[in-house]
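If you want the building blocks of each chain, they are given just below.
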Amino acid sequence: MANVIIVGTQWGDEGKGKVVDLYARHADVIARFQGGDNAGHTLVVEGEQSIFHLIPSGILHDGKICVLGNGMVINPAVLIREIDDLRKRDLFPPHTRLCISDKAHIIMPYHRGLDSAREGYTKGTKIGTTEKGIGPAYEDKVTRTGIRLCDLLNDEVFKEKLVRNVEEKNFLLTERYGAEPCDRQQIYDEYRGYADRLRDYATDTSLVIRRAIEQGNNILFEGAQGGHLDIDHGTYPFVTSSNTVAGSACCGTGLGPTEIDAVLGICKAYTTRVGGGPFMTELTDEIGDMIQQKGKEFGATTGRKRRCGWLDTVLVKQSVRLSGITGLIVTKLDILTGLDRVKICVGYSLNGETYTEHVPADITNFEQCRPIYEEMDGWTEEIGEARTIADLPSGARRYIERLEALTGVGVIAVSVGPGREETIVVDHPFV
Ligand code: IMP
């Protein structure tokens, strides 16, 4: 048995969905622990594309327990739509169980309203959020006014919390932001229906995880977003509102820290970012356009074009340290095929100072940094059929070796195409 956490090492969209799906067949339980439907996992199975925002990517495998942990913020409308869509397409396997933590917080219409109203309200403060209400829902959690799934399931409690929340949020929406107010009765009616649909899935998921550990099961903890969108350790304020580092798997599911066996970091072969915020290696030239188009770098949740740039190993190194990463998985290496020369950022310089291990906390300093690059030969041979590192052309091999040397962590898998089979597996966390 093994308890394995998978996290992104960059700014999200590293291709976690494919990797989780790949390992999920060997796991008994797949658990999400933070975030909400700001995440979007795109999977291609037998040529058919599926995008999940809330349900763990492992859902496609029969006989699994899929957990939405207490650390998540859940939009019930989106979750129910995903469940219904999976069932309609015959993609919800008969022996798979979905368990939702009764302590997970519920995203309400006023959260989405506030998220949108705040974006750009004060000049120069636009974060570029997904406007899914993630930040406002976590705010309520921290101010202890949030509505959890167990509250939604208790009519009296729900009514009472709804009255208080709508009163306060409507004041903010109308008086502060000049936005439309929410209709309490409409929300109540809508959410009563959601309660009925979700009741059977609600449970104390920390116990589900405990039982699985006692039975010697393999558990995969699926992170969303990436290390540099972490509310504490990321490029604040251009971050999401949850902790995205591996430790969050413990708080977000009830897993004890001593139970963790491995932490895998997903590292895209280049860097992307959606939304605002400094991006040291961003390419605004034709190479950036090529990566964006060839890599189909559009946000799975918002459809926004992702900003693209060279691999930044300072970001990856910091994530390795903060998440205790024991193995790296490189994704989308095939997108760089065709480039004669490739660059890897190995540090930042600012006023004679060099940063090689961390991103400066002060965002204004970070914005002024300049990337320090190493340049190396690229490769032109197609790599989609490579199944071992030795099958890769020498340029691609050297690229992987350099990443390992710079981060001090071994690469245990490389994705060389979107399909499940287009993967080099060096080492496996579960077998
Ligand atoms: P929020 O999570 O919607 O509040 O957005 C905050 C920041 O995180 C924005 O820059 C978003 O673009 C970014 N973000 C949130 N979720 C994801 C994701 O799954 N992938 C990449 N970026 C994300």
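What you are looking at is a predicted structure, and each value in this text was computed from that prediction instead of being measured. (Residues numbered from 1 in each chain as written. Predicted model: local features only at pLDDT ≥ 70, side-chain atom pairs only at ≥ 80, totals over all residues. Heavy atoms only, no water.)

1. Section: the site of the ligand
How we decide: For this description, a residue counts as near a given molecule or strand if any of its non-hydrogen atoms is within 4 Å of it. Here a polar contact means two N or O atoms within 3.5 Å. Within protein one must be a hydrogen donor candidate and the other an acceptor candidate, and residues neighboring in sequence count only if both atoms are side-chain atoms. For accessible areas, the Shrake-Rupley method is used with a probe of radius 1.4 Å. Any residue's cover is judged against the shown protein chains and nothing else. Residues are grouped as follows: nonpolar covers Ala, Val, Leu, Ile, Met, Phe, Trp, Tyr, Cys and Pro; charged covers Asp, Glu, Lys and Arg; every other residue, Gly included, is treated as polar.
Around the ligand sit 15 residues in total, of which Asp13, Asn38, Thr130, Thr240 and Arg304 are the nearest. One nitrogen or oxygen atom from the main chain of Gly128 is found 3.4 Å from an oxygen atom belonging to the ligand. Here Arg304 contributes a side-chain N or O atom positioned 3.1 Å from an oxygen atom of the ligand. Bound to the protein, the ligand loses 97% of the 470 Å² it would expose on its own. Class assignment for the residues of the shell around the ligand results in 6 nonpolar, 7 polar and 2 charged.

2. Side note on helix 1 (residues 16-24)
Structural remark: α-helix, 3.6 residues per turn; residues separated by three or four positions point the same way. The condition that has to hold: Here's how the labels work: a residue is buried when its accessible area is under 20% of the maximum for its type, exposed when over 50%, partly exposed in between, all with a 1.4 Å probe on protein chains only. By definition, any uninterrupted DSSP run of H or I lasting at least four residues is a helix, any uninterrupted run of E lasting at least two residues is a strand, and each is numbered from the N terminus.
A large share of helix 1 lies buried, amounting to 9 of its 9 residues. All of the buried residues along helix 1 are Lys16, Gly17, Lys18, Val19, Val20, Asp21, Leu22, Tyr23 and Ala24.

3. So, the packing of aromatic side chains
Put simply, the rule is: Stacked, tilted and edge-to-face pairs are distinguished by plane angle, under 30 degrees for stacked and over 60 for edge-to-face with tilted covering the rest, among Phe, Tyr and Trp rings (Trp via its six-membered ring) whose centres lie within 6.5 Å. A ring is scored as having a charge over it whenever the NZ atom of a lysine or the CZ atom of an arginine sits within 6 Å of its centre and within 35 degrees of its normal.
Scanning the model with the defined rule gives 7 aromatic pairs in all. Centre to centre, the rings of Tyr348 and Phe366 are 5.4 Å apart; their planes meet at 55°, and the pair counts as tilted. A residue pair is termed long-range when its members are at least 10 positions apart, and Tyr348 in strand 16 (residues 339-350) and Phe366 in helix 12 (residues 363-368) qualify at 18 residues. Since its relative accessible area comes to 0%, Phe366 is described here as buried. Through successive ring pairs, a cluster of aromatic residues spans Phe158, Tyr188, Tyr191 and Tyr194. Across the ring face of Phe92, the terminal group of Arg87 is positioned such that the distance to the ring centre comes to 4.1 Å. Against the face of Tyr373 rests Lys343, its NZ or CZ located 5.1 Å from the ring centre.

4. With respect to empty space enclosed by the protein
To be explicit about the condition: Cavities and pockets are found on a 1 Å grid laid over the protein atoms alone: a cavity is a set of points where a 1.4 Å probe fits but cannot escape, a pocket is an open set with protein on both sides within 12 Å along at least five of seven lines, and a lining residue has an atom within 4 Å of such a point. Grid points are joined across faces, edges and corners, and a volume is the space filled by probe spheres set on the points.
Counted by the stated rule, this structure contains 1 cavity of 30 Å³ or more. In this structure, the largest cavity spans a volume of roughly 30 Å³. Every residue lining the largest cavity is listed: Lys18, Val19, Leu22, Tyr23, Ile329, Ala413, Ser415 and Thr423. Of all elements in the fold, only helix 1 and strand 19 (411-415) reach the threshold of two or more residues within the lining of the largest cavity. With 4 residues, helix 1 is the single largest residue contributor to the lining of the largest cavity.

5. As for the sheet that holds strand 10 (residues 219-222)
Formally: One requirement defines pairing of two strands: DSSP has to find at least two bridges between them. Contacts were defined at the residue level, with two residues in contact if any of their heavy atoms lie within 4.5 Å. All axes are obtained by fitting lines to C-alpha atoms, using only the stretch in contact for helices, and the reported angles, taken between N-to-C directions, cover 0 to 180 degrees.
Strand order in the open sheet formed by 10 strands is 9-7-5-2-10-1-11-15-19-20, and the pairing between neighbours is mixed. Edge strands, defined here as strands with exactly one partner in the open sheet, are strand 9 (202-203) and strand 20 (423-425). With 5 bridges joining them, strand 11 (residues 262-268) and strand 15 (residues 327-331) adopt parallel strand pairing. Paired with Leu264 across the two strands is Gly327, which belongs to strand 15. The strands touched by helix 8 (residues 205-214) within the sheet are strand 1 (3-8), strand 2 (29-32), strand 5 (65-68), strand 7 (97-101), strand 9 and strand 10, with strand 7 carrying the most contacts at an inclination of about 130°.

6. Regarding the layout of surface pockets
This is how the line gets drawn: Residue ranges assigned to the domains are those given by an automatic or database domain assignment.
Reported here for the second largest pocket is a volume of approximately 270 Å³. As for the second largest pocket, its lining consists of 15 residues, of which Tyr138, Lys141, Ser241, Ser242 and Asn243 are closest to the centre. Where the lining of the second largest pocket is concerned, the elements lending two or more residues are helix 4 (134-142) and helix 9 (248-251). Here the lining of the second largest pocket gets 5 residues from one element, more than from any other, and that element is helix 4. Two domains each donate at least three residues to the lining of the second largest pocket, and these are domain 1 (3-102 + 201-262) and domain 2 (105-197).

7. Considerations on the pairing of strand 15
With respect to burial, strand 15 is a largely interior element, 5 of its 5 residues being buried. Covered by surrounding structure in strand 15 are Gly327, Ile329 and Thr331 together with Leu328 and Val330, the residues of both alternating faces. Examined bridge by bridge, strand 15 and strand 19 share 3 bridges and lie parallel to one another. Within the sheet, the bridge partner assigned to Val330 lies in strand 19 and is Val414.

8. Regarding the environment of Asn365
Note that Asn365 resides in helix 12. Relative accessible area serves as the criterion here: at 28%, Asn365 is assigned to the partly exposed category. It is 9.9 Å that separates the C-alpha atoms of Asn365 and Asn351, two residues lying 14 residues apart in sequence. Here Asn365 is in contact with Leu350 and Pro360, once residues within four sequence places are set aside.

9. A few points about the packing of helix 2 (residues 76-88) against helix 7 (residues 184-198)
Stated precisely, the cut-off is as follows: Here is the rule for angles: anything less than 35 degrees is roughly parallel, anything more than 145 is roughly antiparallel, 65 through 115 is roughly perpendicular, and the remaining ranges are oblique. Left-handed describes a crossing in which the near helix is turned anticlockwise from the far one by less than a right angle; the clockwise case is right-handed.
One way to put it is that helix 2 packs onto helix 7 with a least axis distance of 10 Å and a crossing angle of 45°. Between helix 2 and helix 7, the interaxial angle falls into the category oblique. The element helix 2 and its partner helix 7 pack so that their crossing is left-handed. Residues Pro76, Ala77, Leu79, Ile80, Ile83 and Asp84 of helix 2 form the contact with helix 7, whose participating residues are Tyr191, Tyr194, Arg197 and Leu198. Among the residues forming the contact of helix 2 with helix 7, the class breakdown is 8 nonpolar, no polar and 2 charged.

10. Regarding the packing of helix 11 (residues 313-323) against helix 13 (residues 394-407)
The contact between helix 11 and helix 13 brings their axes to 9 Å, and the two run at 50°. By the criterion of interaxial angle, the relationship of helix 11 to helix 13 is oblique. Taken as a pair, helix 11 and helix 13 cross one another with a handedness that is right-handed. Residues Thr313, Val316, Lys317 and Val320 of helix 11 touch helix 13, and the partners they reach there are Leu403, Leu406 and Thr407. Residues belonging to the contact of helix 11 with helix 13 are distributed by class as follows: 4 nonpolar, 2 polar and 1 charged.

11. What to know about the domain arrangement of the chain
Our working definition: Buried area: the accessible area, evaluated with a 1.4 Å probe, that two parts lose upon being put together, summed over both parts. The salt bridge criterion pairs a side-chain nitrogen of Lys or Arg with a carboxyl oxygen of Asp or Glu, the two atoms within 4 Å.
Per the domain assignment, the segments making up the chain are domain 1 (3-102 + 201-262), domain 2 (105-197) and domain 3 (267-425). Computed from C-alpha atoms alone, the centre-to-centre distance between domain 1 and domain 3 is 24 Å. Listed per partner, the contact involves 36 residues of domain 1 and 38 residues of domain 3. Roughly 2,800 Å² is buried in total at the junction of domain 1 and domain 3, and carbon and sulfur atoms are behind 58% of that figure. It is Gln10, Trp11 and Lys18 that lose the most area in domain 1 upon contact with domain 3, and together they represent 25% of the buried surface on that side. Linking domain 1 to domain 3 there are 2 salt bridges. For Arg420, the salt bridge is made with Asp21, and the minimal N-O distance between the two is 2.6 Å. Put simply, domain 1 and domain 3 have 18 residue pairs in polar contact (both at pLDDT 80 or more) between them. Where the side of domain 1 that touches domain 3 is concerned, the elements lending two or more residues are strand 1, helix 1 and strand 3 (41-45).

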